[in-house]
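The residues making up each chain are set out below.
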There are 2 protein chains.
Amino acid sequence: MASLRLVSFKALYRSSSSLCNLTHSPSFAVRAFSAIFSPSSTAIVYTQHGPPDSVTRIIELAPVQLKENDVCVKMIAAPINPSDINRIEGVYPVRPDVPAVGGYEGVGEVHCLGSAVKGLSPGDMVIPSPPSSGTWQTYVVKDQSMWHKIDKDTPIEYAATITINPLTALRMLQDFTNLKSGDSIVQNGATSIVGQCVIQIARIQGIHSVNIIRDRAGSDVVKEKLKKLGANAVFTESELDVKNVKALLNNIPEPALGFNCVGGTAASLVLKFLRQEGTMVTYGGMSKKPITVSTSSFIFKDLSLRGFWLQKWMTSDKSMECRPMIDYLLGLTREGKLSYEMELVPFSDFSTALEKALGKHGSQPKQVMKF
Amino acid sequence: MASLRLVSFKALYRSSSSLCNLTHSPSFAVRAFSAIFSPSSTAIVYTQHGPPDSVTRIIELAPVQLKENDVCVKMIAAPINPSDINRIEGVYPVRPDVPAVGGYEGVGEVHCLGSAVKGLSPGDMVIPSPPSSGTWQTYVVKDQSMWHKIDKDTPIEYAATITINPLTALRMLQDFTNLKSGDSIVQNGATSIVGQCVIQIARIQGIHSVNIIRDRAGSDVVKEKLKKLGANAVFTESELDVKNVKALLNNIPEPALGFNCVGGTAASLVLKFLRQEGTMVTYGGMSKKPITVSTSSFIFKDLSLRGFWLQKWMTSDKSMECRPMIDYLLGLTREGKLSYEMELVPFSDFSTALEKALGKHGSQPKQVMKF
């Protein structure tokens, strides 16, 4: 995360309090030599790691002086992702030092610019790309290289959430196996946003998807929803408690690639569906149970087990390659070919949104804060 | 196994009983048109799958007529490998149809030749390469393409066993990670023949080996033996019941590659030693326990889990590439750089050798039958 300029409290409190756009706040004094400052920023911060509903608080951060290549962005929307929660808890392997502002992705509008910034203008819609920490605040200042301008017609909730989940789905479909139209994939956790994106992107690419969901009341409704997105088959875990799951595939080819975000039995079910020489990619562990694999799966079935972590991919040499992919995905959302459920909530309702994201109100759609 | 000409009983019993070398058996009649026949063959056969000590028996097979490209080899030695036992039990995924002669590798001497055979002469020392079924008999007839001529100075017990175990070790060291001199590997089941070969071939290549053995009486003696072969570190499983196994590595670099032939806890220990982005290759499951892996091993540690099965490699396009590798390995045995414990037993003592191979007499060296 060397490229991330942490907006630390010390730096913020040292800053003078003039604003970059004086017409909006005529009561503040102008500094000499045209120093440019962001507005003060309302931010969700934590000064220590711990349970997010205990350690986070909303505070007002003082304006920050823009360097010549900095861009100040007025945030429009930002989601609460599981990885945001894990960063606050201190259990995520890569996380900013405390004190820190929460959040990692989002969308905003260019508010004001450092003197040397080119290619961006006030009013442009931008996302931090690759995503970087500190999006849970009203004004974010980062170097111009860290902002990616996007089409203003994009719905804000998709612009705010396009990177972490949909890009994970796109990369996982491309990075592990050379899938061709007509091939199949299998996944568990199919109702997750990544899972829904996998179904839809696979369909666009002519790839069949076999989907595993957990047993729950109303699973028939869930099945229909996923089938409307393009799922070729959807099974609850208990429906797969049979000797030969492949007999259930009917005319769908045996999957060459599997995605696991659950672990435990649900991971074993993905393995059962895979064809000879197939690959299972683990990108989550919602059940908090490990993955158990038979010896013969490796020797005789020649399966490969791999992992995917978008953050690692993002910090590789390839990180800038993400921008055309993001544009592709945002195009799909504008065309209505890629959709998933979210709940837009006012920033002022952060504590309720956080409780929902923490699972304290049962199953809830992805919480996206609107600033 | 399409290339394997199964010497079936039907074919054998149909054959006339003249011999390829009339001077050895003048009492037999010569067929018209100089038909060439093998001698009759004393063979260990099974007509159904089941416990090897119940379903195998020694019988005399009638001579078989050589086709013009056939070579008849008088077997000198052949081992009893675990995969031979699994084939007889009927639990191995690739196995000859019954009735079948046991065995899969071995060494012999060319006895007589079909009329079109070139490049082999009576007295040449040969091994079936790639290995193929039916080596547990005194005379084996196969197409000339299936025999590989080797240096006559090779000790017969190594010639008989060089393919399945040492070649597995060589391939596994080369096929999964680009190891350089100074790198490390970690393995469990280090006392197995593959394990011993891994230690010695790694040492020749300048690669450190970290070795895990099971807890047993006399483990100190075993450790010394493996260190004499070139092991850089040897631990019993209980010695690794610590929070941070890597602290035990001292100056050995964290292993990039691991080999697992045990499963269960012993596999987890290999995973613990692996460095970020490391690969574990499973090639056996001696404990009969599955492999359990945490979600974070895949996502954050980016480990890959793979499998290796020599038989699959042997039936690939690369199968003929094995011959120069075999020559390399046999050279190492002649130079004393590659050794492992075996017990040469007379063919007539097959039933005792089989009991030992089945583990009915405790831990025993590899049984190699001498014909």
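Some words on the overall build of chain A
Each helix and strand counted, chain A has 12 helices and 17 strands in total. Radius of gyration (C-alpha) of chain A: 22 Å, near the 21 Å computed for a compact globule of 371 residues. With respect to the three principal axes, the spread of C-alpha positions in chain A is 75 × 40 × 35 Å. A buried classification covers 57% of the 371 residues belonging to chain A. Of all intrachain contacts in chain A linking residues separated by at least 6 positions in sequence, the fraction that spans at least 24 positions is 72%.

Some details on the relation of the copies chain A and chain B
The operation relating the two chain copies consists of a rotation about an axis and a shift along that axis. Screw-axis analysis of chain A against chain B gives a translation of 0.1 Å along the axis, an RMSD of 0.1 Å, and a rotation angle of 180°. Considering both components of the superposition, the chain copies are consistent with a two-fold axis. When the interface residues of chain A are mapped onto chain B, 100% of them again lie at the interface, so the same face is used by both copies.

Description of the pattern of salt bridges
By the definition in use, this model includes 24 salt bridges over all chains. Of the charged contacts, one joins Asp84(B) and Arg87(B) as a salt bridge, the two residues approaching to 3.6 Å between their closest N and O atoms. In this pair, Asp84(B) and Arg87(B) are both assigned in helix α3 (residues 82-89), 3 residues apart and thus about one turn of the helix distant. Per residue, the accessibility class of Asp84(B) equals that of Arg87(B), and both read buried. The salt bridge involving Glu341(B) is made with Lys225(B); its shortest N-O contact spans 3.1 Å. Here Glu341(B) is found in the loop between α11 (322-334) and β16 (342-346), whereas its partner Lys225(B) is found in helix α7 (residues 219-229), with 116 residues between them in sequence. Judged by its relative accessible area of 48%, Glu341(B) is partly exposed. Put simply, Glu277(A), Asp302(A) and Lys312(B) are held in one network by salt bridges that share partners.

Notes on the packing of aromatic side chains
Tallied over the entire structure, the rule returns 16 aromatic pairs over all chains. Ring plane angle 70° and centroid distance 5.7 Å describe the contact between Tyr92(A) and Trp309(A), whose orientation is recorded as edge-to-face. Within this pair, whereas Tyr92(A) is found in the loop between α3 (82-89) and β4 (100-101), its partner Trp309(A) is found in the loop between β15 (304-307) and α10 (310-314), the two being separated by 217 residues in sequence. Connected via pairs of aromatic rings, a cluster forms that spans Tyr92(A), Trp309(A) and Phe300(B). We note Arg87(B) situated over the ring of Tyr104(B); from NZ or CZ to the ring centre the distance is 3.8 Å.

Some words on the packing of helix α5 (residues 164-175) of chain A against helix α11 (residues 322-334) of chain A
All names here are of chain A. Running from N to C, α5 and α11 point in directions that differ by 105°, and their axes come no closer than 10 Å. When the interaxial angle is binned, α5 and α11 end up roughly perpendicular. Contact residues: α5 offers Pro166, Leu167, Leu170 and Arg171, while α11 offers Cys322, Met325, Ile326, Tyr328 and Leu329. In terms of residue class, the contact of α5 with α11 is built from 8 nonpolar, no polar and 1 charged.

A word on α3(A)
Residue and element names in this part refer to chain A. For α3, every residue scored as buried is listed here: Ser83, Asp84, Ile85, Arg87 and Ile88. Check the buried side of α3 and you find it contacts β1 (41-46), α2 (52-55), β2 (56-61), β3 (70-79), α10 and α12 (350-357). Once α3 finishes, Gly90 follows within two positions and takes phi at roughly 85°, a positive value.

A look at the sheet that holds strand β1 (residues 41-46) of chain B
Read from one edge of the open sheet, 3 strands run β2-β1-β4 (chain B), paired in antiparallel fashion. The sheet is open, and its two borders are formed by β2 (56-61) and β4 (100-101) of chain B, each paired with just one other strand.

Notes on the sheet that holds β2(A)
Within a sheet, each strand pairs with its neighbour through backbone hydrogen bonds, oriented either parallel or antiparallel. A sheet is described by the order of its strands in space; here 3 strands give the open sequence β2-β1-β4 (chain A), paired in antiparallel fashion. Only two strands of the sheet have a single partner each, and these edge strands are β2 and β4 of chain A.

Concerning the domain arrangement of chain A
Put simply, an interface is often sized by how much accessible area is lost when its parts join up. All names here are of chain A. Annotation of chain A at the domain level lists domain 1 (2-163 + 341-370) and domain 2 (165-311). Taken residue by residue, the interface counts 11 residues in domain 1 and 10 residues in domain 2. Here domain 1 and domain 2 share 1 salt bridge between them. Considering only residue class, the side of domain 1 that touches domain 2 consists of 5 nonpolar, 3 polar and 3 charged.

Some remarks on the environment of Leu229(A)
Inspection of the secondary structure puts Leu229(A) in helix α7 (residues 219-229). The class of Leu229(A) is buried, set by a relative accessible area of 14%.

Some words on the pairing of strand β10 (residues 208-213) of chain A
All names here are of chain A. Of all 6 residues that make up β10, 5 are buried, and the element is covered over most of its length. Relative to β10, strand β9 (residues 184-187) runs parallel, the two sharing 4 bridges. Within the sheet, the bridge partner assigned to Gln187 lies in β10 and is Asn211. Taken together, β9, helix α6 (residues 193-204) and β10 form a β-α-β motif whose crossover is right-handed. Bridge count for β10 against strand β11 (residues 233-236) is 4 bridges, and the pairing is parallel. Considered in β11, the bridge of Ile213 is made with Thr236.

Some details on unusual backbone geometry
The step from Ser129(A) to Pro130(A) runs through a cis peptide bond, and the omega angle for that step is -5°. Relative to the helices and strands, Pro130(A) is located in the loop between β6 (125-128) and β7 (139-143). A cis amide bond links Val98(B) to the next residue, Pro99(B), at an omega of -5°. Mapped onto the elements of the fold, Pro99(B) is located in the loop between α3 and β4. One non-glycine residue, Glu277(B), lies in positive phi territory at about 65°. The phi dihedral of Asp302(B) is positive, around 55°, even though this residue is not glycine. Looking at the secondary structure, you find Asp302(B) in the loop between α9 (295-299) and β15 (304-307).

Points about the interface of chain A and chain B
The partner chain B presents 26 residues to the 26 residues of chain A that form the contact. The contact between chain A and chain B buries some 2,200 Å² in all, and 62% of this surface belongs to carbon and sulfur atoms. Of all residues in chain A, Phe298(A), Ile299(A) and Phe300(A) bury the most surface against chain B, accounting for 26% of the area lost on that side. Scanning the region where chain A abuts chain B turns up 4 salt bridges.

Comments concerning α12(A)
All names here are of chain A. Of all the positions in α12, only Phe350, Ala353, Leu354 and Lys356 are classed as buried. Within α12, the buried residues cover an arc of 160° as seen down the axis, which keeps them to one side. Among the structural elements, β1, α2, β2, α3, β16 (342-346) and β17 (366-370) are those in contact with the buried residues of α12.

Procedures and definitions
One numbering rule holds for all chains: residues counted from 1, following each sequence as written. Labels follow written order: the first chain is A, the first ligand is 1, and so on. Two thresholds apply to this predicted model, a pLDDT of at least 70 for residue-level local features and 80 or more for giving and counting side-chain atom pairs, whereas whole-chain, interface and lining totals are computed over all residues. Side-chain measures were taken over the full set of non-hydrogen atoms in the model, leaving aside hydrogen atoms and water. Strands are runs of DSSP state E lasting at least two residues, helices are runs of H or I lasting at least four, and both sets are numbered from the N terminus onward. Every radius of gyration here is taken over C-alpha atoms, with the globule rule written as 2.2 Å times N^0.38, N being the number of residues. Exposure is judged per residue with a 1.4 Å probe applied to protein chains only, and the accessible area is read against the type maximum: over 50% gives exposed, under 20% gives buried, and values in between give partly exposed. Contact definition: two residues touch when any of their heavy atoms are within 4.5 Å. Least squares is the method used to superpose the copies, on C-alpha atoms of residues holding a pLDDT of at least 70 in both. Criterion for a salt bridge: a side-chain nitrogen of Lys or Arg within 4 Å of a carboxyl oxygen of Asp or Glu. Aromatic rings from Phe, Tyr and Trp, taking only the six-membered ring of Trp, are treated as a pair when their centres fall within 6.5 Å; an angle between ring planes under 30 degrees marks them as stacked, one over 60 as edge-to-face, and anything in between as tilted. Placement of a charge over a ring requires the Lys NZ or Arg CZ to be within 6 Å of the ring centre, with the centre-to-atom vector within 35 degrees of the ring normal. Axis angles are defined between N-to-C directions and span 0 to 180 degrees, where every axis is a line fitted to C-alpha atoms and, for a helix, only to the segment in contact. Oblique is the label for any angle not under 35 degrees, not over 145, and not in the 65 to 115 range, which are roughly parallel, roughly antiparallel and roughly perpendicular in turn. Only Asp, Glu, Lys and Arg are considered charged in this grouping, and only Ala, Val, Leu, Ile, Met, Phe, Trp, Tyr, Cys and Pro are considered nonpolar; every other residue, Gly among them, is considered polar. Pairing between strands is defined by DSSP: at least two bridges between the two strands are required. Domain delimitation in this document rests on an assignment produced automatically or drawn from a domain database. Handedness of a crossover is defined as follows: orient the strands so they point away from the viewer, and if the path from the first strand over the helix to the second runs clockwise, the crossover is right-handed. Here the quantity called buried area is the total loss of accessible area, with a 1.4 Å probe, experienced by two parts when brought into contact, counted for both. In this description, the arc belongs to the directions extending from the helix axis to the C-beta atoms.

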